[in-house]
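Each chain, letter by letter, is given below.
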Amino acid sequence: MMEQSKTKKELRREVLEKRNSITVEERLRASVMMTERLLGHQWFYLSDTILGFAGYGSEISTDELLEEAIKMGKRVFLPRVIGEDMVFYRILSLQDLKEGYKGIREPLGDTEVYVYDEVYTNKTLMLMPGVAFDGMRNRIGYGKGFYDRYLFDKPALQLRTIAIGFKCQKVEAIPANDNDIKPYQVILF
């Protein structure tokens, strides 16, 4: 079966198997490279607000990057799943996180909420997780559409998104539809 004709579910399963098999050393090296690359990225440097995520399971670790952003005085927000939606809450430390939806570390939900304002989006950077990515910037998440729904009515924020992951997560083609929101950049390590 050619990769283009595979379903999202099939691609998700195959890529997760590959990602789960990455060694601890490869994971650490990729996370360090990602942190260094993003600390030097113009969007990160010029942003005062970071919408991040806490790496979960075999995802690339964002902990060091988030800690550095907080030390630099950036406003760091992470998602908390509430029903079918994500709400981004500010964190002042990774200690502000607890296990939440599907075991993912989330903010408690008792701090400042990120409010989208198109005027200030040029000072905001959103980091996106994902399971698989292709050369056309299509992305497969875990199948619940949280990021697609969150970004749907935020066109200026869509232009300030970077999806990050491991090189093994790149596939030839992802079947995309009109509801899928592409990250503006995909950087794999």
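Structure: above.
Being a predicted model, the structure only gives us computed values, none of them experimental.

J.: Before we go on, may I ask you to explain the pairing of strand β9 (residues 161–165) in this structure?
T.: Each regular strand shows side chains that alternate between the opposite faces of the sheet. Burial of β9 is extensive: five of the five residues sit out of reach of the surface. Burial along β9 is two-sided: the face carrying T161, A163 and G165 and the face carrying I162 and I164 are both buried. With three bridges joining them, strand β6 (residues 124–128) and β9 adopt parallel strand pairing. Pairing of M128 across the sheet is with A163, part of β9. Pairing analysis gives four bridges linking β9 to strand β10 (residues 185–188), with the strands arranged parallel. Bridge pairing in β10 places A163 opposite V186.

J.: Can you walk me through the pairing of strand β2 (residues 75–82) in this structure?
T.: Summarising burial for β2: six of the eight residues are buried, a large majority. By the bridge criterion, three bridges tie strand β1 (residues 49–51) to β2 in an arrangement that is parallel. Note on β2: the bridge partner recorded for T49 is R75. You can see the chain leave β1, run along helix α4 (residues 63–71) and come back into β2, and the turn it takes is right-handed. Judged from the seven bridges that link them, β2 and strand β3 (residues 85–91) form a sheet pairing that is antiparallel.

J.: Is there a simple way to think about the pattern of salt bridges in this case?
T.: If charged atoms from side chains of opposite charge come close, those side chains can pair. Tallied over the entire structure, the rule returns ten salt bridges. Residues E106 and R80 are paired through a salt bridge, measuring 3.8 Å at the closest nitrogen-oxygen approach. In this pair, E106 is assigned in strand β5 (residues 105–107) and R80 in strand β2, connecting sequence segments 26 residues apart. Taken as a pair, E106 and R80 share a single burial class, namely buried. R149 is the partner of D85 in a salt bridge, and the nearest nitrogen-oxygen pair spans 3.9 Å. Residue D85 is found in strand β3, and its partner R149 is found in helix α5 (residues 146–151); the two are separated by 64 residues along the sequence. Accessibility expressed as a relative area gives 36% for R149, which makes it partly exposed.

J.: For this particular structure, what's the right way to read unusual backbone geometry?
T.: Excluding glycine, residues mostly have negative phi values, and the peptide bonds linking residues are mostly trans. Positive phi, normally seen in glycine, also occurs at K102, with a value near 55°. With respect to the helices, strands and loops of the structure, K102 is situated in the loop between β4 (97–99) and β5. Within the chain, R137 stands out as a residue other than glycine whose phi angle is a positive 70°. With respect to the secondary-structure elements, R137 resides in the loop between β7 (132–133) and β8 (139–140).

Quick notes on the rules
Residues numbered from 1 in each chain as written. Predicted model: local features only at pLDDT ≥ 70, side-chain atom pairs only at ≥ 80, totals over all residues. Heavy atoms only, no water. Buried < 20%, exposed > 50% of the residue type's maximum accessible area, 1.4 Å probe, protein only. Helix = DSSP H or I, 4+ residues; strand = E, 2+ residues; numbered from the N terminus. Pairing = 2+ DSSP bridges. Right-handed = clockwise from strand over helix to strand, strands pointing away. Salt bridge = Lys/Arg side-chain N within 4 Å of Asp/Glu carboxyl O.

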